[in-house]
Amino acid sequence: SGAMNQPSDPLVVTLQERAATLIFGRPPLNILDLDLLAALDDLIVELGTDRELQLLFLRGAGEKAFSAGVSVQDHTPDKIDRMLLSFHGAIGKLRNLESLTVALVDGHCLGGGMELALACDLVLATERSRFGQPEIALGCYPPVAAALYPQRIGSGRTLELLLTGRTFDCAEAERLGFVHERLADRAALEARAAELALAIQRQSAAVTRLTKRAVRAGENRPYEPALAEAERLYLRELTATADMGEGIQAFVEKRPPVWKHR
């Protein structure tokens, strides 16, 4: 374990066993500027090559925010193309990772920060966290939110949030299904993250990663084709792992499995 970067970097990554934590290092608000987005893109590419990575936690540095969004300075006409391409590229790569991605939100989670959190598989947030897409007040709209939220909360509610730009609390975010687990405070958030990491690291990395691929296959397909893809992954790839054989053998022999993570 240990940081791969300097604390002054826009992004700091720590690795512990088969879990990585990615920290936006621009406190207090962890604004996503072009430097940070470029670093995010590079790091996600690098993490994507780690065949044993099971978990990726995303969080903000400091006490105030996960991230309050993309830098307003980078919304100017001369920079907007680069900013959007960079941001959407990073989000696309994040969604394609085979590790479980978990946003740990404590404080402000707004604009591009909220889109980034919602691009993760799970969102764990503290009671004091605040969410919102305020782009409309700047005369623009958030493309990722427009593409992602209707599947989660329907078009009507998505439009209400995007057209008013209002900020809402963690209880409402949980009711809408944006937040999967609501925790009392930062200490409870840390404890839950540690518990989740332990529970997943007990499993075979080869199998947890294939499980995510199978679930993703079902995300936007009807049941029959989704099942066909989950079956294909199972019969072609899962059965070819050393760990599936070991898991079954260990059960029969009444002993704990010894995973090779492949």
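Figured I'd write up the structure that's included with this text. (Residues numbered from 1 in each chain as written. Predicted model: local features only at pLDDT ≥ 70, side-chain atom pairs only at ≥ 80, totals over all residues. Heavy atoms only, no water.)

### Things to note about the packing of aromatic side chains
Inspection of every chain in the model, using the stated rule, returns 4 aromatic pairs. Summarising the aromatic geometry, the rings of Phe 24 and Phe 66 are spaced 5.3 Å apart at their centres and angled 85° between planes, so their arrangement reads as edge-to-face. Of this pair, Phe 24 sits in strand S3 (residues 19–24) while Phe 66 sits in strand S5 (residues 65–67), and the two are 42 residues apart along the sequence. Accessibility expressed as a relative area gives 0% for Phe 24, which makes it buried. Residue class for Phe 66 comes out buried when judged on its relative accessible area of 1%. A centroid spacing of 6.2 Å and a plane angle of 25° characterise the contact between Phe 131 and Phe 168, whose relative ring orientation is stacked. In this pair, Phe 131 is assigned in strand S9 (residues 130–132) and Phe 168 in strand S10 (residues 167–169), connecting sequence segments 37 residues apart. Assigned by exposure class, Phe 131 and Phe 168 land together as buried. Counting every residue linked through ring pairs, the aromatic cluster contains Phe 131, Tyr 149, Phe 168 and Phe 178. (Phe/Tyr/Trp six-rings, centres within 6.5 Å; stacked < 30°, edge-to-face > 60°. Helix = DSSP H or I, 4+ residues; strand = E, 2+ residues; numbered from the N terminus. Buried < 20%, exposed > 50% of the residue type's maximum accessible area, 1.4 Å probe, protein only.)

### Some thoughts on the environment of Pro 150
Relative to the helices and strands, Pro 150 resides in helix H4 (residues 143–164). Aside from chain neighbours lying at most four places away, what touches Pro 150 is Ala 145, Ser 155 and Thr 158. (Contact = heavy atoms within 4.5 Å.)

### Here we look at the packing of helix H7 (residues 205–219) against helix H8 (residues 223–238)
Remark: H7 packs on H8, axes separated minimally by 8 Å, with the N-to-C direction vectors making an angle of 160°. Viewed along their axes, H7 and H8 adopt a mutual orientation that is roughly antiparallel. Handedness of the H7/H8 crossing: right-handed. Contacts from Val 207, Leu 210, Arg 213, Ala 214, Ala 217 and Gly 218 of H7 reach H8 at Ala 226, Glu 229, Ala 230, Arg 232, Leu 233, Glu 237 and Leu 238. Of the residues belonging to the contact of H7 with H8, the class tally is 8 nonpolar, 1 polar and 4 charged. (Axes fitted to C-alpha atoms, helices over the stretch in contact; angles between N-to-C directions. Parallel < 35°, antiparallel > 145°, perpendicular 65-115°, else oblique. Left-handed = near helix turned anticlockwise from the far one by under 90°. Nonpolar A, V, L, I, M, F, W, Y, C, P; charged D, E, K, R; others polar.)

### Considering the pattern of salt bridges
Taken as a whole and assessed by the stated rule, the structure comprises 26 salt bridges. When the shortest N-O distance is used, the salt bridge between Glu 237 and Arg 213 registers 3.0 Å. Highlighted residues: Glu 237 in helix H8 and Arg 213 in helix H7, separated in sequence by 24 residues. Judged by its relative accessible area of 26%, Arg 213 is partly exposed. Here Arg 255 makes a salt bridge to Glu 246, at a shortest N to O gap of 2.7 Å. Under the relative-accessibility criterion, Glu 246 is labelled buried at 15%. Three or more residues joined by partner-sharing salt bridges are found here, namely Arg 51, Glu 98, Arg 209, Arg 213 and Glu 237. (Salt bridge = Lys/Arg side-chain N within 4 Å of Asp/Glu carboxyl O.)

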